[in-house]
Amino acid sequence: MRIGIASDHAGYEMKRYLIAYLKKEGYEVIDFGPDVLKKVDYPDYGAKASAELSSGTIDRAILICGTGIGMSIVANRFPGVRAALCYDPFLAEIARLHNDANALALGGRIVANELACEIVRIFLETKFGGGRHLRRIKKIEKICSRTEK
Ligand code: RB5
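Residues numbered from 1 in each chain as written. Predicted model: local features only at pLDDT ≥ 70, side-chain atom pairs only at ≥ 80, totals over all residues. Heavy atoms only, no water.

Draft legend 1. Seen up close, the site of the ligand. In the region of the ligand, the neighbouring residues are D8, H9, A10, Y42, C65, G66, T67, G70 and R109. Within the backbone of G66, one N or O atom sits 2.7 Å away from an oxygen atom of the ligand. Within the backbone of G70, one N or O atom sits 2.9 Å away from an oxygen atom of the ligand. Of the residues contributing to the shell around the ligand, the split by class is three nonpolar, four polar and two charged. (Near = heavy atom within 4 Å. Polar contact = N/O pair within 3.5 Å; in protein donor to acceptor, adjacent residues only side chain to side chain. Nonpolar A, V, L, I, M, F, W, Y, C, P; charged D, E, K, R; others polar.)

Draft legend 2. A look at the pairing of strand 3 (residues 60-65). Within strand 3, six of the six residues are buried, leaving the element largely enclosed by the surrounding structure. The sheet contact formed by strand 3 and strand 5 (residues 103-107) spans five bridges and is parallel. Pairing of A61 across the sheet is with A103, part of strand 5. (Buried < 20%, exposed > 50% of the residue type's maximum accessible area, 1.4 Å probe, protein only. Helix = DSSP H or I, 4+ residues; strand = E, 2+ residues; numbered from the N terminus. Pairing = 2+ DSSP bridges.)

Draft legend 3. Seen up close, the pairing of strand 5. Counting buried positions along strand 5 yields five of five residues, so the element is predominantly enclosed. Burial along strand 5 is two-sided: the residues A103, A105 and G107 and L104 and L106 are all buried. The β-α-β motif built from strand 4 (residues 83-85), the intervening helix 4 (residues 89-97) and the parallel element strand 5 has right-handed crossover chirality. (Right-handed = clockwise from strand over helix to strand, strands pointing away.)

Draft legend 4. Focus on the layout of surface pockets. Computed from the structure, the largest pocket encloses a volume of approximately 290 Å³. N76, V81, R82, I140 and E141 are, among the 19 residues lining the largest pocket, the residues nearest its centre. Looking at the lining of the largest pocket, the elements with two or more residues in it are strand 4 and helix 6 (132-147). Per element, the largest residue contribution to the lining of the largest pocket is six residues, and it comes from helix 6. For the lining of the largest pocket, the class distribution of residues is nine nonpolar, five polar and five charged. (1 Å grid on protein atoms, 1.4 Å probe; cavity = no way out; pocket = protein on both sides within 12 Å on 5 of 7 lines; lining within 4 Å. Points joined across faces, edges and corners; volume = space filled by probe spheres on them.)

Here you go:
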């Protein structure tokens with residue numbers, strides 16, 4: 001599974017922590033920046049990873065800003081991206097089971113790094129439930145295809 005990861009300055013330290021964790025777990029990780037800790041704007045980096053997720057060159061995106069809110073807003077502008085802001089493992093599980101979320105937004109100023117690892121683990125290991133949830137996702141896609149015209 002190819003995982004893209006991006007942050008702003010407020011998510012930078014968590015990003016580095018998660019990259020080390022993901023590599024240790026054997027995932028292929030693509031870092032969309034920033035490369036150094038400096039003040040940046042989250043849409044610039046969130047958009048890079050989200051565009052790759054949208055086009056299918058990565059399978060999942062992990063996007064980290066101070067709260068995760070800005071990153072989730074950016075990511076959900078991209079076709080086919082379903083970003084979920086998760087502050088605990090239960091939300092991550094439901095985001096996969098019910099929403100087939102393919103992007104995880106995290107708040108670097110909200111959750112501790114160890115908890116973020118557990119959220120990421122659950123997010124990556126939980127399969128989509130399908131069935132009635134698929135019907136609902138198809139309805140979202142239909143809404144998007146109307147608004148994109
Ligand atoms: C940066 O100060 C902060 O606004 C950003 O990291 C994020 O929380 C936005 O949603």
